[in-house]
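Overview (structure and organization)
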Amino acid sequence: MESGINYTRDRTDSGLGIKVLIEGISPTLECVTFAICQFPANDNSGSIIAIHGLDGHREDSWTAENGILWLRDLLPRRLPHARIATYGYHASTGSQSNKIDETLYGHAENFISRLASLRNNTTTTALIHANQCNKYHLPYHEEIMLYTTGILFFGTPHQGAAVALSASQILRVLLPVDENTSHKLLQTLATNSDVLEMQLSQYNGISARFNTKFLYEVYPTDLHDGTSSFMVPKSSAIVPGARNAEPVGLNKNHMDMIKFSSVEDDDFNMIVSLLQTMKSDLPKLEEYGRDYSQCDDILNRGSSYRRKLLSSPRFTGQDIYLEKLRTFFVDGNVTTHRKHLLLYGMGGIGKTQISLKFAEECTDLKLYWRILWLDATTAETLQTSFTEISKLDPVMKSLGIEESGEAIIGWLAGLGRKCLLIFDNADGMTTLVSKYLPPAHLLDVLITSRNPDLHQAVSSALHLEVMSKGDAISLLMGSSIRNGKTHVLKIELLQAIAEKLGFLPLALDVAGAAIYMGLCTVEEYISIYLKNHKILLHGDHLLYKGASLYNKTLYGTLDVSYDGIEKRSPQGNTARNALCLLKMMAFFHHQNIMEVIFQRAAEVWARDKVINEKQIIHLAAVRALIVNSINGNINLVEQSYQFHRMILPHMMAYKHYTSYFGLSYCDDEQFALTEEFIKNGYWDHASRWCQQIMAIRKWILGPDHEGSMTMMSKLAYIWERQGKYHKAQDLAVQVLEKCKQQVGLGHPDTLVYIGNLASILRNMGKYTKAQELEMQVLEADKELCGPEHPYTLIDMGNLAFTLMHLGNYTEAQELKVQVLEAQKQLLGPEHPHTLTSMGSLASTLRHLGKYTEAQEIEMQVLEAQKQLLGPEHPHTLTSMGSLASTLRHLGKYTEAQELEMQVLEARKKLLGPEHPDTLKSMGALACTLSHLGRYTEAQELEMQVSESCKKLLGPEHPDTLTSMGDLACTLMDLGNYTEAQELKVQVLVVQKQLLGPEHPRTLTSMGNLASTLRHLGKYTEAQEVEMQVLEAFKKLLGPEHPDTLTSMGALACTLSHLGRYTEAQKLEMQVLEACTKLLGPEHPDTLTSMGSLACTLMHLGNYTKAQELKVQVLEAQKQLLGPEHPHTLTSMGSLASTLRHLGKYTEAQEIEMKVLEAQKWLLGPEHPHTLTSIGSLASTLRHLGKYMEAQELQMKVLEAHKKLLGPEHPDTLKSMGALACTLSHLGRYTEAQELEMQVLEARKKLLAPEHPDTLTSMGGLAWTLMHLGKYTEAQELKVQVLEAQKQLLGPEHPHTLTSMGHLASTLRHLGKYTDAQELEMQALEVCKKLLGPEHPDTLTSMGGLACTLMHLGRYIEAQELQVQVLEACKKLLGPEHPDTLTSMGGLASTLMHLEKYTEAQELKVEALEAQKRLLGPEHPHTLTSMGCLASTLKHLGKYTEAQELEMQVLEARKTLIGPEHPDTLTSMGDLTSTLKHLGRYTEAQELEMQVLEAHKKLLGPEHPDTLTSMGGLAYTLSHLGRYTEA
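Calculation rules
- Residues numbered from 1 in each chain as written.
- Predicted model: local features only at pLDDT ≥ 70, side-chain atom pairs only at ≥ 80, totals over all residues.
- Heavy atoms only, no water.
- Helix = DSSP H or I, 4+ residues; strand = E, 2+ residues; numbered from the N terminus.
- Buried < 20%, exposed > 50% of the residue type's maximum accessible area, 1.4 Å probe, protein only.
- Contact = heavy atoms within 4.5 Å.
- Areas by Shrake-Rupley, 256 points an atom, 1.4 Å probe, with all protein chains shown as cover.
- Salt bridge = Lys/Arg side-chain N within 4 Å of Asp/Glu carboxyl O.
- Pairing = 2+ DSSP bridges.
- Axes fitted to C-alpha atoms, helices over the stretch in contact; angles between N-to-C directions.
- Expected span 1.5 Å × (residues − 1).
- Arc of directions from axis to C-beta.
- Phe/Tyr/Trp six-rings, centres within 6.5 Å; stacked < 30°, edge-to-face > 60°.
- Lys NZ or Arg CZ within 6 Å of the ring centre and 35° of its normal.
- Parallel < 35°, antiparallel > 145°, perpendicular 65-115°, else oblique.
- Left-handed = near helix turned anticlockwise from the far one by under 90°.
- Nonpolar A, V, L, I, M, F, W, Y, C, P; charged D, E, K, R; others polar.
- pLDDT = per-residue confidence, 0-100.
- Lys, Arg positive; Asp, Glu negative; His and termini not counted.
- Polar contact = N/O pair within 3.5 Å; in protein donor to acceptor, adjacent residues only side chain to side chain.

The subject of this paragraph is the overall build of the protein chain. When you go through the protein chain residue by residue, the secondary structure sums to 66 helices and 16 strands. Across the 1526 residues that make up the protein chain, the buried fraction comes to 56%. Across the protein chain, the fraction of contacts at a sequence separation of at least 24, relative to all contacts at a separation of at least 6, is 65%. Of the roughly 64,600 Å² that the protein chain leaves accessible, carbon and sulfur atoms contribute 53%.

Here we take up the pattern of salt bridges. Going through the model one piece at a time under the given rule, you end up with 32 salt bridges. Note that Glu1063 is salt-bridged to Arg1060, the shortest N-O span being 2.9 Å. Exposure remark for Glu1063: the relative accessible area of 39% places this residue in the partly exposed category. Taking the shortest distance from any N to any O, the salt bridge between Glu1208 and Lys1245 comes out at 3.4 Å.

What follows concerns the sheet that holds strand E12 (residues 340-344). Across the sheet, which stays open at both edges, the five strands sit in the order E13-E14-E15-E12-E16 with parallel pairing between neighbours. Two strands close off the open sheet at either side, each with one partner strand: strand E13 (370-375) and strand E16 (460-463). In this sheet, neighbouring strand axes are inclined to one another by 15 degrees on average, regardless of whether the strands run parallel or antiparallel.

What follows covers helix H66 (residues 1504-1519). The end-to-end C-alpha distance of H66, which contains 16 residues, comes to 23 Å, matching closely the 22 Å that a straight helix rising 1.5 Å per residue would cover. Turning to H66, its buried residues are Thr1506, Ser1509, Leu1513, Thr1516 and Leu1517. Take H66 and look down its axis: the buried residues cluster within an arc of 100 degrees, on one side only. Immediately downstream of H66, the backbone of Gly1521 shows phi near 80 degrees, a positive value.

This next bit is on the pairing of strand E15 (residues 443-449). Judged by how many residues are buried, E15 sits mostly within the fold: seven of seven residues are covered. Residues Leu443, Val445, Ile447 and Ser449 of E15 are buried on one face, and the alternating residues Asp444, Leu446 and Thr448, pointing to the opposite face, are buried as well. With five bridges joining them, E12 and E15 adopt parallel strand pairing. Note that in E15 the partner of Leu341 across the bridge is Leu446. Direction of pairing for strand E14 (residues 419-424) relative to E15: parallel, over a ladder of five bridges. Looking across to E15, one finds that Leu421 is bridged to Val445.

Per the stated rule, a full pass over the model turns up nine aromatic pairs. Between Phe260 and Phe268, the ring centres sit 6.1 Å apart and the planes meet at 55 degrees, which makes this aromatic pair tilted. One exposure class covers both Phe260 and Phe268, and it is buried. Aromatic rings pair up to connect Trp62, Trp70, Phe260 and Phe268 into one cluster. Between Lys1278 and the ring centre of Trp1263, over which it is positioned, the NZ or CZ distance is 3.6 Å.

One way to put it is that helix H39 (residues 935-953) packs onto helix H40 (residues 958-973) with a least axis distance of 9 Å and a crossing angle of 160 degrees. Comparing their axes, H40 and H39 come out roughly antiparallel. The way H39 lies across H40 gives a crossing that is left-handed. Note on element contacts: H40 touches H39 through Asp959, Thr960, Ser963, Met964, Asp966, Leu967, Thr970, Leu971 and Asp973, opposite Tyr935, Ala938, Gln939, Glu942, Met943, Val945, Ser946, Cys949, Lys950 and Leu953. The class makeup of the residues in the contact of H39 with H40 is nine nonpolar, five polar and five charged.

Put simply, the protein chain has an average pLDDT of 76, and 71% of its residues get 70 or more. Ranking the elements of the protein chain by mean pLDDT puts strand E6 (residues 125-126) last, at 30, and helix H35 (residues 851-869) first, at 93. Confidence over residues 25-46 falls short of pLDDT 50; this stretch has 121 contacts with residues more than four positions distant or in other chains. Predicted confidence is poor over residues 120-140, with pLDDT under 50, and the contacts of this stretch with residues over four places away or in other chains come to 89 contacts.

Along the chain, Phe260 turns up in the loop between strand E11 (245-250) and helix H9 (266-279). Taking the relative accessible area as the measure of exposure, Phe260 reaches 0% and is therefore buried. If sequence neighbours within four positions are ignored, Phe260 has contacts with Ala64, Ile68, Trp70, Leu74, Lys252, Asp265, Asp267, Phe268 and Ile271.

The end-to-end C-alpha distance of H39, which contains 19 residues, comes to 26 Å, matching closely the 27 Å that a straight helix rising 1.5 Å per residue would cover. Of the residues making up H39, those classed as buried are Tyr935, Ala938, Gln939, Leu941, Glu942, Val945, Ser946, Ser948, Cys949, Leu952 and Leu953. Close packing links the buried residues of H39 with helix H27 (683-701), helix H38 (916-931), H40, helix H50 (1168-1183) and helix H51 (1187-1205).

Let's shift gears to the environment of Trp1263. Tracing the backbone through its elements, the reader meets Trp1263 in helix H54 (residues 1252-1267). The residues touching Trp1263, leaving out its near neighbours within four places in the chain, are Lys1278, His1302 and Ser1305.

Let's shift gears to the pairing of E16. Burial of the side chains of E16 is restricted to one face: Ser460 and Leu462 are buried, whereas none of Ala461 and His463 on the reverse face is. Bridge count for E12 against E16 is four bridges, and the pairing is parallel. Looking at E16, one finds that Leu341 is bridged to Ser460.

As for its placement among the helices and strands, Glu217 is situated in strand E8 (residues 211-217). Of the side chains bearing the opposite charge, Lys252 lies closest to the buried Glu217, which forms no salt bridge; the N-O distance is 13 Å. Polar contacts involving the side chain of Glu217 include one to the side chain of His254, which spans 2.7 Å. When residues no more than four places from it in sequence are discounted, the contact partners of Glu217 are Phe230, Met231, Val232, Leu250, Lys252, Asn253, His254 and Met257.

As a further point, take unusual backbone geometry. Although it is not a glycine, Ala1248 adopts a positive phi angle of roughly 100 degrees. Even without being glycine, Glu1395 reaches a positive phi, approximately 65 degrees. You can see Glu1395 is positioned in the loop between helix H60 (1378-1393) and helix H61 (1397-1415). For Glu1395, a relative accessible area of 59% puts it in the exposed group.

Moving on to the environment of Lys984. Tracing the sequence through the fold places Lys984 in helix H41 (residues 977-995). Sequence spacing of Lys984 and Cys969 is 15 residues, and the spatial spacing of their C-alpha atoms is 9.0 Å. For Lys984, the residues in contact, after removing those within four places along its chain, are Ala968, Met972, Asn1008, Leu1009 and Thr1012.

To continue, consider the packing of H35 against helix H36 (residues 874-889). Contact geometry of H35 with H36 gives a least axis separation of 9 Å together with a crossing angle of 160 degrees. Accordingly, the angle class assigned to the pair H35 and H36 is roughly antiparallel. Considering the relative orientation of H35 and H36, their crossing is left-handed. Taken together, the residues of H36 that come into contact with H35 (itself represented by Tyr851, Ala854, Gln855, Glu858, Met859, Val861, Leu862, Gln865, Lys866 and Leu869) are His875, Thr876, Ser879, Met880, Ser882, Leu883, Thr886, Leu887 and His889. Of the residues contributing to the contact of H35 with H36, the split by class is nine nonpolar, eight polar and two charged.

When you line up the elements, Gln813 lands in helix H33 (residues 809-827). Residue classification places Gln813 among the buried positions, given a relative accessible area of 17%. With near-sequence residues (within four places) excluded, Gln813 lies in contact with Leu841, Thr844, Leu845, Leu848 and Lys850.

The structure is reproduced here in structure tokens:
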């Protein structure tokens, strides 16, 4: 934690350095004010560090006025296993003795040094630290950052001090600041400070690693000049753009925000909660810490990061060169500080083996912190080495070190640790390696090369000569005799072979492998070798003229190996297959030749019956030959065979050599294997393969050759499929430019390359640019080939696809229809291309909402493909998946599921369980399961897809990110909003890095995240994100693009949650107009926008207009989708909700019954949508007074939700709350209270205590407490709700105003009428301003105020308000709306207090008659009106009439809600009053005795209603002369 500016009194303690305050009980958590550290490394533990601000002190700054140092006195109670310490530094701005003039970074370095010292003494590891440690020049810097989990900033002026006053001015107002005081820190705290701006940018770069909370002051600080100001306002206390961060307000001013006087302090409890949350991250960090320590151990032994490189077990001789390397690098005899050495010599002479052996020795002696092995064969292989290092080294990965060589070497140079860089096979241009040579003296460099010119780039060089005769014989012998297998070898023969091979290690190793494999004997080897060698020495052979002794020698050894293979293979096909595979290896870098290649080749050939079982075994022999011929190093992790780089050109040359005169270049086998990898979705293998072929083609054919450009284009395509769009674009542009120069813009090849670039641009979200290119290609192909040529039709299809992305669905449809008609005429109706075009057209029809038409076309396609290609052909399966998607849109989820299950099983069988197409099928099935309400099954599938995609395609591949997004949506359905948010943030971060912040997919992910934030109640954050998305979409796609309109609708939804209904309405009207214009009035998206507008109109109180819109939507959906489509049924339910608001409960009930029956049949009785409909019907029944029926339905819903979703799912909690409401209407207040408390606790845990749904639960519980007579407890809850809503939603949000009215009602019950009046006046004024004078909420506020005025005896004022309410209700809702009738009753009550009994009677009779018509004679509201009328009749002296009415009410209530319901007891009490007026005291007494006993039993002996009934009985007893009892 870090505070900003602190102001404290003089002190005797110097307050400098770290001081341990509390050791803790068996400490597993260490707190050093205020950063958290891990206590020992293997425990689930951590520590905390707090740093004071200017003029602060390590103890006084955190001490309250009552002397409580909460770090020492309070925090240990809540974190008993915490070790707590505090840190102080020179921060005085006024002391004459303070001559230290340190900068911000100076203080930071001192702090990190002290922290490191503490860690060394306590074997701890830092977890939470102040943000100053963002420069990692020393080893312990990186460790502190590595183990950091979160940061708390207390009023830190990240963007400078208060805007109105500079930091120095504030200090001068508060403190006596000396004129000679250093101003460096004060200048740093100034607004627009360069230092602060630099710190902000640096912190943003690493902020995603931490859980950051920006704590800011809610109240201003009083200054000595009588004014007050925010020292560090919220805008300055946060770091804009910081990730994984949120602002948190403390209800204190700046002076007091880090001082807590007791455990009762709400802010203290919040801080503890934040610390406990951060502590919960410690297991992950402890796991990470183990990884880091293991990494250190591996690296200190000399790892290459990607794989463990080993020298050959047959390494022999060359000791003299090893000794020279030791002398140069280790012994320190060389005077130069930069130890850079070139080891050069001819190919195959052993440079790499010597370097490997030297690296092993250095590793064993732990001479270097890092040994990096870099393949410098080409620029591509060197960059690949750097990329792998940055990805696989956990330290570099955690710090976000870039993949470039400059970044990695720069980071290593800054660490101050000794490292060794080995650049192997640097045979190319001198600049390839020289630009990476570090200046730092602690970074040693060893280069192996055939190029002696590299000497000019380094300080020293060492020339490697051929092996000695003895060493050569030893190597040949070691290669020939392995694993205990022996041959009878004659030294003379071995010496002869060694001499013939020129003592070259690589040639000797290959020869030994041939002998070892039994391809020939030692005696045979010489004759076979000499036969082949003569051809090589023949000077007339063009290919080998001028070849070196080394090259010719190696070619001869390979010939011997090939001859041996042919001898051992009696069938020619076997030899050809084996030799083909072996020759293919010539084209690939040794690190890319993996065992999986041989396995897959064997599987494919076996499947296609190319070779038999014996041949597969023979293939393994070929693999063994390769392994044993070339160094024999097998990586146990990746099973990758380490081929010596020099084997590649020689094997390729051999291929030419064996063809004698076939000098033309051919790599058909290699290209075919690349296509096979692409076909099977092995994109990583395809990329490696393709890069190797491309490199060889460039070398053999030249970089501008057609074959080279073809491979460049193929690689660009592979990168595009891998989501590496920028790399793909760069390569595609290169190819295009070369082609333009060579053959011109209008050449067919150029047009192909333009189309390829357009495809990449489309994936990059650059739709307009893609469209321009595709139009160019289309026009050129029309002119070149004709309008119906297949190429032209392909161009039209591509353009249509881009138009779809641009939202131009109608234009896309027109193009696709043209393509389809042309293909039918040209190729026939059942040609595969024709069928593909039909499927593509169906996809467009789906986007146009024409689902039935799409289904018809897709069924035709599917039937034709089944007949033409077979039921399990990949194209057939794709068509089945498309049809399933359409069925899903049609609401036919079960049919869709059946199809998707078939597709999935077939793809598993055909392609394997982890093929990309199989994974897509699993994702589609998961989507359908979600629609079926089977969320858990969907989640399981999506987790499988996500894990497989990560493994197969990598964590940043677009398909992986899509699968993560799908999983997040399912988590939302399961109510796991926080987990969903975390996943969506991960996706968004990667997409921003991979695609850019304004790519359509990135923007879509931002919108998805905003939706989750809405569910979490974080409306303001959601709005901010949605505003960004909307502006970006407008700029990128235009104001009327479907994606832009979707984002506008989402923003409108958030604005509605924020209570900004008018703004939401304006946006929704724009969306509706644009959708109608763009998509048509009956498109599903148009209807959705119409429904959204209707909902907003409901919030605005325009129920009639909302009803009209919803009826339009419903009629259109019935026509478009059918009367039983899920969307149609949803619209019916929405219409029923509006009818409820219009008081048309019976009509609403009828519609809801229809919806429920249809959903039961369509989705099943326990589908979430069905349960929602049951809940809606129960709500309507409650409005109809049918409480028992409502309760029965709600019990079913609750049980089903618990079973289906779990006891704490948001939908389960909603159903519990609804049941509690019904129980309250049934007078079962205690049961209702128990349920509401369960809901409240679960929501606090699940959603947070200030989530809107949590606050709703608190309000519901408060109402129940009111019914239980616990008015004070109810008041406390309602105050909490109101304060939270003010902070969360603002003081003028409609929900806040409603809560003010609820609190006023409670105050009325407590007799605090004046307080209630003040609240209601405030709420009324804001409602008038915000919603208008005639909005239903405004009228409700007026009615509440009128009620309070009545209690205050201000009847005339109350009457005036109630007359206004009544007139407005009649105008807005109609004369018979329930709210209108309620307002009539309220006015009648006031007239009674004014003794205008006759007028009151007339109003009450009118209301009663209307309620009988509207609700029925036995509705609870009707019975209440009858009771009110009876009261008026009593005041008019019409006691008999009153008695008759009251008897009717009592009998009806006994039947309807039971004899002991509070309303029944009220009716009995009213009847006793009438009986007393009639002088029938004995009957009255009997009734009152029943009422009293029931109240005692139901509500308790001290409930206000119990006491009232006791008073009434006492009055009756007095009239009966029983004074003592009374």
